[in-house]
Amino acid sequence: QVQLVESGGGLVEPGSSLRLSCTVSGFTFSSYTMNWVRQAPGKGREWVSDISSTGVGTAYSDSVKGRFTISRDNAKNTLYLQMNSLKPEDTAVYYCMRSPWRQQNYWGQGTQVTVSS
């Protein structure tokens, strides 16, 4: 079955960095565009970034562009999100999923990122 396991979150101060990971099984990881999506307290899910199946094409929301970097290692079935210059508004649970993310039935447990001073 499909399994998505996010990790790497934590409690950090503004300006700090975190690197999130997502390990995938149950589908052919290298065939899919992958996404990071986040959900802040009391808010809906917000798309953050995606990366093409080969890793060549990437895209970011305006709110994170220039601060976050998405990458993947197809040999390891792993997706990454390097988050730099973190802001309090980045506080959310972060999820990974394949495209089209809005139509996916399965969600992992997510990983909590809290940015606070």
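Residues numbered from 1 in each chain as written. Predicted model: local features only at pLDDT ≥ 70, side-chain atom pairs only at ≥ 80, totals over all residues. Heavy atoms only, no water.

Here we look at the sheet that holds strand β8 (residues 78-83)
An order of β1-β3-β8-β7 is seen for the four strands of this open sheet, with the pairing classed as antiparallel. Looking at strand neighbours, the two that pair on one side only are β1 (3-7) and β7 (68-73), the edges of this open sheet. Looking at each pair of strands side by side, their axes are set apart by 15° on average, direction ignored. The pairing of strand β3 (residues 18-25) with β8 spans six bridges and is classified as antiparallel. Within β8, the position partnered with Thr23 by the bridge is Thr78. (Pairing = 2+ DSSP bridges. Helix = DSSP H or I, 4+ residues; strand = E, 2+ residues; numbered from the N terminus. Axes fitted to C-alpha atoms, helices over the stretch in contact; angles between N-to-C directions.)

Re the pattern of salt bridges
Within this structure, the stated rule accounts for three salt bridges. Ionic pairing is found between Arg38 and Asp90, a salt bridge with its closest N-O pair at 3.0 Å. In this pair, Arg38 sits in strand β4 (residues 34-39) while Asp90 sits in the loop between β8 and β9 (92-98), placing the two residues 52 residues apart along the sequence. When its relative accessible area of 5% is taken as the criterion, Arg38 is described as buried. (Salt bridge = Lys/Arg side-chain N within 4 Å of Asp/Glu carboxyl O. Buried < 20%, exposed > 50% of the residue type's maximum accessible area, 1.4 Å probe, protein only.)

Brief notes about the packing of aromatic side chains
Counting across every chain of the model gives two aromatic pairs. Judged by centre distance (5.4 Å) and plane angle (85°), the rings of Phe27 and Tyr32 are edge-to-face. The exposure class assigned to Phe27 is buried, which follows from its relative accessible area of 12%. Judged by centre distance (5.3 Å) and plane angle (90°), the rings of Tyr95 and Trp107 are edge-to-face. Here Tyr95, found in strand β9, pairs with Trp107, found in the loop between β9 and β10 (111-115); they are 12 residues apart in sequence, far enough to count as distant. (Phe/Tyr/Trp six-rings, centres within 6.5 Å; stacked < 30°, edge-to-face > 60°.)

Observations concerning the sheet that holds strand β2 (residues 10-12)
On the basis of which strands lie adjacent, the open sheet formed by six strands has the order β2-β10-β9-β4-β5-β6 and mixed pairing. Looking at strand neighbours, the two that pair on one side only are β2 and β6 (58-60), the edges of this open sheet. Mean inter-strand twist for the sheet, computed between neighbouring axes without regard to direction, equals 25°. Across three bridges, β9 lies against β10 in antiparallel orientation. Counted as the bridge partner of Ala92 is Val113 from β10.

Quick word on the pairing of β4
In terms of residue burial, β4 counts as a mostly covered element, since five of its six residues are buried. Both β4 and strand β5 (residues 45-51) contribute to a ladder of six bridges, which runs antiparallel. In the sheet register, Gln39 faces β5, and the bridge partner there is Arg45. Hairpin connection, β4 to β5: the antiparallel pair is bridged by five residues, and Gly42 has positive phi, about 75°. Here β4 runs beside β9; their pairing, made up of six bridges, is antiparallel. When the bridges of β9 are listed, Met34 appears paired with Arg98.

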